[in-house]
Each structure stands twice: as structure tokens, then as C-alpha cells.
Amino acid sequence: QVQLVESGGGLVQAGGSLRLSCTVSGSIFSINTMGWYRQAPGKQRELVATITSTSRTTYRDSVKGRFTISRDNAKKTMYLQMNSLQPEDTAVYYCNAAVRTSYDTYVNVWGQGTLVTVSS
């Protein structure tokens, strides 16, 4: 069974930094596009950033220049470096991955979520 294990959330003051990690566990063939999403209280889940298997990246406008998504394919791990955090970044952050589990089987997997709280 493929799972995504997240870590790195916590409480930080405005202007501070955090780094989130997301590691794929289980038997897999390859990992395609990965991404970070977030969901603030009372709001819908939104896409924060994505990274392809060749490390092409996209970001939502509100985090451009502050957040950096990266991945280490050998470690099957994705990262989100978050700098200059603001209270509006407070949310549960989820990682997502499109995983190839066999020659002809792909699954979309979600992490359990990690809480990021930014105090003003």
C-alpha cells in the first residue's frame, strides 16, 4: 500500500520559516507530479505548488517568491520551504502525489496533513 508521510508543520511567528517534507512509502514503480495543497479553517482546499518528475514547478500567486517546492527522487521525498510566513498562510497542508504502482496502474495519493500556524 502506497502512503505519503508528512512532517515539518508547527507554530511560527509572522516572518518566520518552516520546511515541510512528504515521503512516499510502499512499493512503487515511479512518482509523477507531486504537489502541496492547503486548507484553512472554513475554506476550501487550494493548490499551493506542484512539481513534475523533471522538477518543473508551479506556484499560486500568493506564495510566489516566498515558498519553494523541491523533490529528491532518490529519497522519494518532496519538500516545501516556506519563508516570510504570514498569518494568512495558516492552514493544514496536504501533500499529493500521482504514483505509478505498476506498468499500467496509477494512483492518486494524499498525505494525512500537517498543521502550520503563523502567529501575528
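Provided above is the structure to which this section pertains.
Attention in this report is confined to the structure presented alongside it. Worth saying up front: this structure is predicted, and the values here are computed from it rather than measured.

Criteria and cut-off values
- Residues numbered from 1 in each chain as written.
- Predicted model: local features only at pLDDT ≥ 70, side-chain atom pairs only at ≥ 80, totals over all residues.
- Heavy atoms only, no water.
- Phe/Tyr/Trp six-rings, centres within 6.5 Å; stacked < 30°, edge-to-face > 60°.
- Lys NZ or Arg CZ within 6 Å of the ring centre and 35° of its normal.
- Pairing = 2+ DSSP bridges.
- Helix = DSSP H or I, 4+ residues; strand = E, 2+ residues; numbered from the N terminus.
- Axes fitted to C-alpha atoms, helices over the stretch in contact; angles between N-to-C directions.
- Polar contact = N/O pair within 3.5 Å; in protein donor to acceptor, adjacent residues only side chain to side chain.
- Buried < 20%, exposed > 50% of the residue type's maximum accessible area, 1.4 Å probe, protein only.
- Contact = heavy atoms within 4.5 Å.
- Salt bridge = Lys/Arg side-chain N within 4 Å of Asp/Glu carboxyl O.
- Lys, Arg positive; Asp, Glu negative; His and termini not counted.

## Some points on the packing of aromatic side chains
Alright, step 1. Counted according to the given criterion, the structure contains one aromatic pair.
Alright, step 2. The ring of Tyr94 has Arg45 lying over it, and the distance from NZ or CZ to the ring centre is 3.8 Å.
Alright, step 3. Positioned over the ring face of Tyr103 is Arg100, at 5.4 Å from the centre of the ring.

## Here's the deal with the sheet that holds strand 3 (residues 18-25)
Alright, step 1. Strand order in the open sheet formed by four strands is 1-3-8-7, and the pairing between neighbours is antiparallel. What marks the edges here is a single partner per strand, and that holds for strand 1 (3-7) and strand 7 (67-72). Adjacent strand axes in the sheet meet at a mean angle of 15 degrees when their direction is disregarded.
Alright, step 2. In this structure, strand 3 lies alongside strand 8 (residues 77-82), joined through six bridges in antiparallel fashion. Pairing of Arg19 across the sheet is with Gln81, part of strand 8.

## Digging into the environment of Lys64
Alright, step 1. Position of Lys64 among the secondary structure elements: in the loop between strand 6 (57-59) and strand 7.
Alright, step 2. Distance from Lys64 to Gln112, taken between C-alpha atoms, is 25 Å for residues 48 residues apart in sequence.
Alright, step 3. At 3.1 Å, the side chain of Lys64 and the side chain of Asp61 are in polar contact.

## Quick notes on the side chain of Arg66
Alright, step 1. The topology assignment puts Arg66 in the loop between strand 6 and strand 7.
Alright, step 2. Under the relative-accessibility criterion, Arg66 is labelled buried at 17%.
Alright, step 3. Within the structure, Arg66 has its side chain in polar contact with the backbone oxygen of Ser84 (distance 2.9 Å).
Alright, step 4. Contacts of Arg66, omitting those with residues within four sequence positions, involve Gln81, Met82, Asn83, Ser84, Leu85, Gln86 and Asp89.

## A look at the pattern of salt bridges
Side chains bearing opposite charge may pair, as long as their charged atoms lie close to each other.
Alright, step 1. Across all of its chains, the model carries five salt bridges by this definition.
Alright, step 2. Among the ionic pairs, Arg38 bridges to Asp89, the shortest N-O distance being 3.0 Å. Residue Arg38 is found in strand 4 (residues 30-39), and its partner Asp89 is found in the loop between strand 8 and strand 9 (91-102); the two are separated by 51 residues along the sequence. Each of the two residues, Arg38 as well as Asp89, counts as buried.
Alright, step 3. Measuring nitrogen to oxygen at the nearest pair gives 3.1 Å for the salt bridge that ties Asp61 to Lys64.
Alright, step 4. A relative accessible area of 63% places Asp61 in the exposed class.

## Digging into the side chain of Glu6
Alright, step 1. When you line up the elements, Glu6 lands in strand 1.
Alright, step 2. An unpaired buried charge is present at Glu6: no salt bridge exists, and Arg45, the closest side chain of opposite charge, is 7.8 Å distant.
Alright, step 3. Among the polar contacts made by the side chain of Glu6, one reaches the main-chain amide nitrogen of Cys95 at a distance of 2.9 Å.
Alright, step 4. If we skip the residues at most four places from it in the chain, Glu6 touches Ser21, Cys22, Trp36, Tyr93, Tyr94, Cys95, Gly111, Gln112, Gly113 and Thr114.

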